[in-house]
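Residue strings, one per chain:
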Amino acid sequence: METQFSRAALATASGRRANEILRSCVHCGLCNATCPTYQLLGDELDGPRGRIYLIKSLLEAPEPGRAKVAQTHLDRCLTCRACETTCPSGVAYGELLEIGRDAADEQAARTLWQRMMRQWLGLVVPSIRWFPRWVALGRLLRWVLPARLKAALPGSPAASVAPSKLSKPVLPPVKPSSRRALLLQGCVQRAATPEVNAAVIRFFNNQGVETVLADGEGCCGGLNLHLGQAAPARQAMRRNLDALTPLLDQVQWVVSSASGCGVTVKDYGRLLADDPEYAAAASRLASMTRDLAEVAAELVGRDAPALASVQGKPVNAAGPVPAVKQMTPSPTFPGSTPAARDEPADVLGPPPRKVAWHPPCTLQHGQRISGLVEGMLAAAGYELAPVKDAHLCCGAAGTYALLQPELADQLKRNKLANLTVAQPQVIATANVGCQMHLASAAHRPVVHWIQLLSRSVSDVA
Ligand code: SF4
Ligand code: SF4
């Protein structure tokens, strides 16, 4: 694609990068075929190619009227990055979108309501201190809340626990080992689905890996980034680097169990490349970060079988779960959490279970990880239900469900219809946002896949 950037635009790092990305697009439009908003709305400007043109015009010839139009269509983008997976030219759409959103917000003022809503979301949702309190308040006032907010409330029983306990949930005891993983606890997940981190610790215990938790770690910055709030996002990243860097020499991996956080932390190197104080640390942390699926697959020692060979087959089709190492208790490693309770409430019932797997966009498009979870679940004895259009977003997308409720709702209904065709007993996913969003209308348990795997491995042990 030809571009005509002004000299002033090319004088900035973001201008040069946008120019480079735009020039890699050959405007073939193949990406439109896998864009959820283009499929729903049928408008070229609500597909990736149209949005790329809008961003180009924002950067080449700033004009408030045009910027307002661009802002509307960029707001409707889910940042799911399905278009990136489809694009044959390797266009870095997600990165371009970040630059385009900043430009649109600079050129066109938002309404007071939009500003207030976005500020509130950017302050409260990533806050380990305030999010649990708002959840508790929301549950108390549930009957007066608009349907949209009511549906967004976490459905986990943990949400009815006192807010003080939610910010420091009780986790199972950590078994010390020479192999250590620094587990990112996240922000929303820690409060809304604390059973997930508990399941990760149980899984690591059974695999002979000691879980290390960092005091002072919080939101990865992804939520603020999604909202176009660069300053608080960078502040969150720096705070995490302060908390995590001192522990890096003592661990093999930094592990994220929420794919939305993992995709952001893996990108810290790029996001803080211009920060002289933190660039090196950001790059080191990013290089050590793995999604839980990558580490779990390495630990259980099996590559994911081809999906075609496991989907729809009877349980145990992919062979028995490997034996797990028996642990010997030893003194607790500094940074590990002592605990009082091991088992969460079992919502899954007795195995075997038919599972519908929903791969979050941040896993399959953002991190380009496919097949690992499916392989491990099948190997552990779960039957995988066939799911159509698995590449499409469920509509959660950070705060999208609150800012674009109609589109998010339609995407959720479509996704649940596809997930439940084969009547699975449980839906599994890998990101807290998808889990909460789908659970609000699923009529069956929606869990993190590690809850299934940790139980299965524990059963074998
Ligand atoms: S598929 Fe890639 S090259 Fe083609 S229009 Fe979309 S972004 Fe541009
Ligand atoms: S990120 Fe998703 S919603 Fe946005 S343009 Fe790409 S495919 Fe469409």
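The structure displayed is predicted, hence computed values, not measured ones.

Position of Gly 90 relative to the elements: it lies in the loop between helix H6 (82–86) and helix H7 (93–107). In the structure, Gly 90 is positioned 65 residues away from Cys 25 in sequence and 8.1 Å away in space, judged by C-alpha atoms.

With 41 residues, the main nonpolar core has Phe 204, Trp 449 and Ile 450 as its most contacted residues. When residues no more than four places from it in sequence are discounted, the contact partners of Trp 449 are Leu 292, Ala 293, Ala 296, Trp 357, Val 373, Met 376, Leu 377, Ala 428, Thr 429 and Ala 430. Of all hydrophobic cores here, the second largest spans 28 residues; its members include Ala 70, Cys 77, Val 91 and Ala 108.

Let's shift gears to the sheet that holds strand S2 (residues 210–212). The strands making up a sheet associate through hydrogen bonds between their backbones, and the pairing can be parallel or antiparallel. An order of S2-S1-S3-S4 is seen for the four strands of this open sheet, with the pairing classed as parallel. The open sheet has two edge strands, S2 and strand S4 (289–291), and neither has a second partner. When strand polarity is set aside, the average angle formed by the axes of neighbouring strands in this sheet is 40°. For strand S3 (residues 253–256) and S4, the ladder comprises three bridges, and the chain directions are parallel. Bridge pairing in S4 links Ser 256 to Asp 291.

Right, let's get into empty space enclosed by the protein. Summed over the entire model, instances satisfying the criterion amount to six cavities of 30 Å³ or more. The calculated volume of the largest cavity comes to roughly 110 Å³. For the largest cavity, the lining is made up of 15 residues, of which Cys 25, Cys 31, Ile 52, Cys 87 and Val 91 are closest to its centre. The dominant element in the lining of the largest cavity, judged by the number of residues it contributes, is helix H4 (residues 48–60), at three residues. In the lining of the largest cavity, the residues fall into eleven nonpolar, three polar and one charged. Considered as a void within the structure, the second largest cavity measures approximately 80 Å³ in volume. Along the wall of the second largest cavity there are 13 residues; nearest its centre are Cys 35, Arg 51, Cys 77, Cys 80 and Cys 83. Going through the elements one at a time, helix H3 (36–41), H4 and H6 are the ones with two or more residues in the lining of the second largest cavity. For the lining of the second largest cavity, a count of residues per class yields nine nonpolar, two polar and two charged.

As a further point, take the pairing of strand S1 (residues 180–184). Burial within S1 is extensive, with four of its five residues counted as buried. As paired strands, S1 and S2 are joined by three bridges and run parallel to one another. By the bridge assignment for S2, Ala 181 is matched with Thr 211. Both S1 and S3 contribute to a ladder of four bridges, which runs parallel. Residue pairing across strands places Leu 182 opposite Val 254, the latter belonging to S3.

For side chains bearing opposite charge, pairing can occur when the charged atoms are close. Applying the stated rule across the entire model yields 19 salt bridges. Among the ionic pairs, Glu 210 bridges to Arg 180, the shortest N-O distance being 3.6 Å. With Glu 210 in strand S2 and Arg 180 in strand S1, this pair connects stretches of sequence that are 30 residues apart. Two residues, Arg 284 and Asp 249, come together in a salt bridge whose shortest N-O distance is 2.7 Å. Separated by 35 residues along the polypeptide, Arg 284 in helix H18 (residues 279–288) and Asp 249 in the loop between helix H15 (230–244) and S3 bring together distant segments of the chain. One salt-bridge network, held together by shared partners, links Arg 17, Glu 20, Glu 95, Glu 98, Asp 267 and Arg 270.

Right, let's talk about the site of ligand 1 for a bit. The environment of ligand 1 is formed by Cys 25, Val 26, His 27, Cys 28, Gly 29, Leu 30, Cys 31, Ile 52, Cys 87, Pro 88, Ser 89 and Val 91. Of the pockets mapped on this structure, ligand 1 occupies the largest cavity.

A few words now on unusual backbone geometry. A positive phi angle is found at Asp 389, which is not glycine, with a value near 50°. Turning to its location among the elements, Asp 389 is positioned in the loop between strand S6 (383–384) and helix H23 (400–403). Residue class for Asp 389 comes out partly exposed when judged on its relative accessible area of 29%. Located in the positive-phi region is Gln 423, a residue other than glycine, with phi close to 55°. Note that Gln 423 resides in the loop between helix H24 (405–420) and strand S7 (426–429).

The next subject is H7. Spanning 15 residues, H7 covers 21 Å between terminal C-alpha atoms, matching the ideal 21 Å at 1.5 Å per step. Buried within H7 we find Tyr 93, Gly 94, Glu 95, Leu 96, Leu 97, Ile 99, Gly 100, Arg 101, Ala 103 and Ala 104. Those residues of H7 that are buried are in contact with helix H2 (13–24), H4, helix H5 (64–75), H6, helix H14 (222–226) and helix H17 (268–271).

Conventions adopted
Residues numbered from 1 in each chain as written. Chains lettered and ligands numbered in written order. Predicted model: local features only at pLDDT ≥ 70, side-chain atom pairs only at ≥ 80, totals over all residues. Heavy atoms only, no water. Helix = DSSP H or I, 4+ residues; strand = E, 2+ residues; numbered from the N terminus. Core = buried A, V, L, I, M, F, W, Y, C linked by side-chain atoms within 4.5 Å. Buried < 20%, exposed > 50% of the residue type's maximum accessible area, 1.4 Å probe, protein only. Contact = heavy atoms within 4.5 Å. Pairing = 2+ DSSP bridges. Axes fitted to C-alpha atoms, helices over the stretch in contact; angles between N-to-C directions. 1 Å grid on protein atoms, 1.4 Å probe; cavity = no way out; pocket = protein on both sides within 12 Å on 5 of 7 lines; lining within 4 Å. Points joined across faces, edges and corners; volume = space filled by probe spheres on them. Nonpolar A, V, L, I, M, F, W, Y, C, P; charged D, E, K, R; others polar. Salt bridge = Lys/Arg side-chain N within 4 Å of Asp/Glu carboxyl O. Near = heavy atom within 4 Å. Sits in = over half its atoms within 2 Å of the grid points. Expected span 1.5 Å × (residues − 1).

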